[in-house]
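Inside the fold
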Amino acid sequence: MCGIVGYIGDKKASPILINGLLRLEYRGYDSAGIATIEDDKIEIKKNKGRVNKLYELDGINDLKGTIGIAHTRWATHGKPSKENSHPHMDNSNSFAVVHNGIIENYHELKSFLIEKGYNFLSATDTEVIPNLIHYYYNQDKLDDENKVLRAVKNACKNLKGSYAIEILSKYNRDKMIVVRKDSPLVIGKGIGENYISSDIPAILSYTKEFYLLDDNEIVELSRDKVQFYDKDLNIIKKKIKSIEWGASSAEKDGYEDFMIKEIYEQPRAIRETIGAKLDNNHIEIEELEFNKEYLQSINKIYIIACGTAMHAGVAAKFTFEKFCKIPVEVDIASEFRYRDPLIDERTLSIYISQSGETADTIAALKLAKSKGSKTLAISNVIGSSITREADYSIYTHAGPEIAVASTKAYTSQLVLLTILGMYFAEKLGRIDKTKIDNLKADILKLPSQIEEVLKETKLVKKIANKVYKEKDMFFLGRGTDYAVSLEGSLKLKEISYIHSESYASGELKHGPIALIENGVTVIATMTNPDLLEKSISNIQEVITRGAKVFVITSEDIKNEELSEIIKIPKTNPLISPILSVIPMQLFSYYISKEKGLDVDKPRNLAKSVTVE
Ligand code: F6R
C-alpha cells in the first residue's frame, strides 16, 4: 500500500512533505522517510515508526531543499526497519526513489544487478529501482537533458508488477520524475510549484487542480511545468481536473478521531449520495445508458468487492433479486479473479470500491471485461483507477473517508446500490410500482433517521464499557440482518482487536452453538417483522446456554432475559442495515477508545489495499 508525496517549488519542501505524509498515514505507518536535494547532494532522513517520528530525526529541520520526495510505508518485502524504509538510493547516491506497489520480478532484477557489481542494503523490492535507473543511465552514451528520463523509461520497461514511483536525481537538480502503473498517483498543479500524492485529500490544502495519471505514464515535473509522456517517451496531453471537496473535509473538524467524525457525517453523506439521482419520486442515473432490452438480456449480476464494500454487496443482493428478479452472486474479489467464473456478454458485473484502488477488485473487473461482461464501478473517488477501467461508473459522493475502518462508505454504497436496483426494476417492470415507490420514500427518510440514531448513543457506550475486556463475541441475524452482522463483526475485529464471528441465526444449530457458553456476548439484529419469531427463538437458544444478548431492533420486543435493547427507527428491511450498522460502528468505536487503541489506524491495516 504505502503513501507517497512530492513537492517542487520555491518553499522549503520538508514541512510540506511531512504534512502530506501525515494525511496519507492511513495507507501505511510502519516507517517513513523523505529525500530533498541540497546543492548537488541528495539528503535522506528516514526511520522506522510513524510519520511524526520524522520530527525527532537529527537534522530534519535543517533540510533546506525546495524539491523532495517522501514515503510512509506498509511493509510488504522486508520488515519495518530503518534500512527497509524509503527513500532508497542507488549505489552511487545519484538517484533516490520512493515506491508504492510491488515489483514482482525483483529477485531476477536483483541477481542481474548483483552480477553487474551492485550491492543491496535493504530487503525491499524497491531497491532494485534506483540501481536499475543508474545502470541504464551509465549505459546511455548520449549526454543530453533527457538522459535521466531515458534511464527511468528503460528501467520501467524491465519492471513487472505495480508501482507509483517518484525519482530525484542529482543529475537533474531542478526536476523530478514520476511513473505510475497499477498504483494510485495524482499531480497537484500550483503556481510556480507542483505537488505529487497518492491521493487527492493529502494535498487539498495546497491546490484544487489535479492531473490524474493513467497506467504507464511518465511525468517530468519542474517548478512551472508538468510534462507527460507515454511509456516510450512520446509527449502526451492531459486534462486538468478541478476538485470540489474543501480542504476541511479531510480534517477532523473538532472530532477526536476521523472515524467518529465519519460516523456522524453519515446523514450528510447519504444526502449527497441520493443527490439528484432520487428526486421526489423520480430516479435518474445519467451516467448509465441501460435500456429495457439490455436489462432483460442480463442472466446474472455479479457484485464483486472486498471487505466492507463486499458486505454492502451482500446486503444489496436482496433488493436486486426481489425487485429485478435477476440472480445475483456476491463474491470476494480475490476469490472471484482466480476461480474462472462463468461470465459472458449477458452478465452484468458491479464492482464496489470506496478508494477505487483495491488491486483485487480492479483485477476482477479486468477479468470480467475480457470475457465480455459489461462492467459498472461504484466508487467514492472521482477518477480513481477502477472508474477508469470500468465501462460505467457511478459515485457515492460521501466525501473523503480517512479512517481505516470504513463507515460512511458502507452506508452510502448501500444507498447507491439500492437506488440502482430500483432504477433497473423500474425499467424492467417486473415488480409492482407501489413497492418501488414505498422503498423510494423510505430511502429519502434515511438521513433524518440516522440523525435520530446518532442522538441516542448513551446505551451503546454503556454496553461497550461493559464488554470491552471480552475476548470473543458473536453477531447474529437473518436476511439483511445477517448481512449487516458481517459488517458489525468486521468493525469490531478491525479496531478493537476482539475476535468475533457473524452467523446467520438459522445456522447456529449446525455447529457454532457449541461455542456459546456462560457469559459470552451476542449482538443480535432483528429488523424484519416477517422473521422476528424465528429470530427470537434463536436468541432464546443462546440465552438458555448462558449468553448475554444485546439486541438491535426496530420492533417492540419484550424479553426480560435480554441484556439490553437498542431501538432504531423502522424502515424497509431491505435497507435496515443502513440504520442498524450505526450502533455497531459506535460499539466498536467505543470499545476501541476504552481499550486506548488507535481507532483511525488499527494495527496491520491500511486504507487502500493496492497490492494483492
Ligand atoms: C473495512 C475496510 C476494508 C475495505 C476494503 C475494500 O473497514 O475498510 O475492508 O472495505 O479494503 O476497500 P475499497 O472499498 O477501497 O475497495
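This write-up is about the structure you can find in this document. (Residues numbered from 1 in each chain as written. Predicted model: local features only at pLDDT ≥ 70, side-chain atom pairs only at ≥ 80, totals over all residues. Heavy atoms only, no water.)

Okay, the nonpolar core next. Soluble globular proteins tend to pack their nonpolar side chains together in the buried interior. Judged by nonpolar contacts, the single largest core of 117 residues is most densely connected at I301, F320, I350, L420, F424 and F587. Considering every element that reaches this core, the biggest residue donor is helix α12 (residues 408-428), with twelve residues. Leave out the neighbours within four places in its chain, and F587 touches V460, I463, A464, V467, M473, F475, L492 and I523. Counting 30 residues, the second-largest nonpolar core is a separate cluster that includes V128, L132, I177 and V179. (Core = buried A, V, L, I, M, F, W, Y, C linked by side-chain atoms within 4.5 Å. Buried < 20%, exposed > 50% of the residue type's maximum accessible area, 1.4 Å probe, protein only. Helix = DSSP H or I, 4+ residues; strand = E, 2+ residues; numbered from the N terminus. Contact = heavy atoms within 4.5 Å.)

A cis geometry characterises the amide bond from H86 onward to P87, with omega recorded as 0°. Mapped onto the fold, P87 is located in the loop between β4 (67-73) and β5 (88-89). Here the phi dihedral of K325 falls at roughly 60°; this positive angle occurs in a residue that is not glycine. Mapped onto the elements, K325 comes out in the loop between α8 (307-324) and β19 (328-332). A positive phi angle, near 55°, is found at H397, a position not held by glycine. By secondary structure assignment, the location of H397 is in the loop between β22 (392-395) and α12. Taking the relative accessible area as the measure of exposure, H397 reaches 32% and is therefore partly exposed.

Each strand in a sheet pairs with another by means of backbone hydrogen bonds, the pair being arranged parallel or else antiparallel. Reading across the sheet, the eight strands line up as β3-β2-β4-β1-β10-β9-β11-β15 and stay open at both edges, with antiparallel pairing between neighbours. A single partner strand is all that each edge strand has here, and the edge strands are β3 (41-48) and β15 (241-242). In the sheet, strand β2 (residues 31-38) pairs with β4 via six bridges, with the strands oriented antiparallel. Paired with G33 across the strands is H71, a residue of β4. The strands touched by helix α1 (residues 13-24) within the sheet are β1 (3-8), β2, β4 and β10 (194-197), with β1 carrying the most contacts at an inclination of about 155°. (Pairing = 2+ DSSP bridges. Axes fitted to C-alpha atoms, helices over the stretch in contact; angles between N-to-C directions.)

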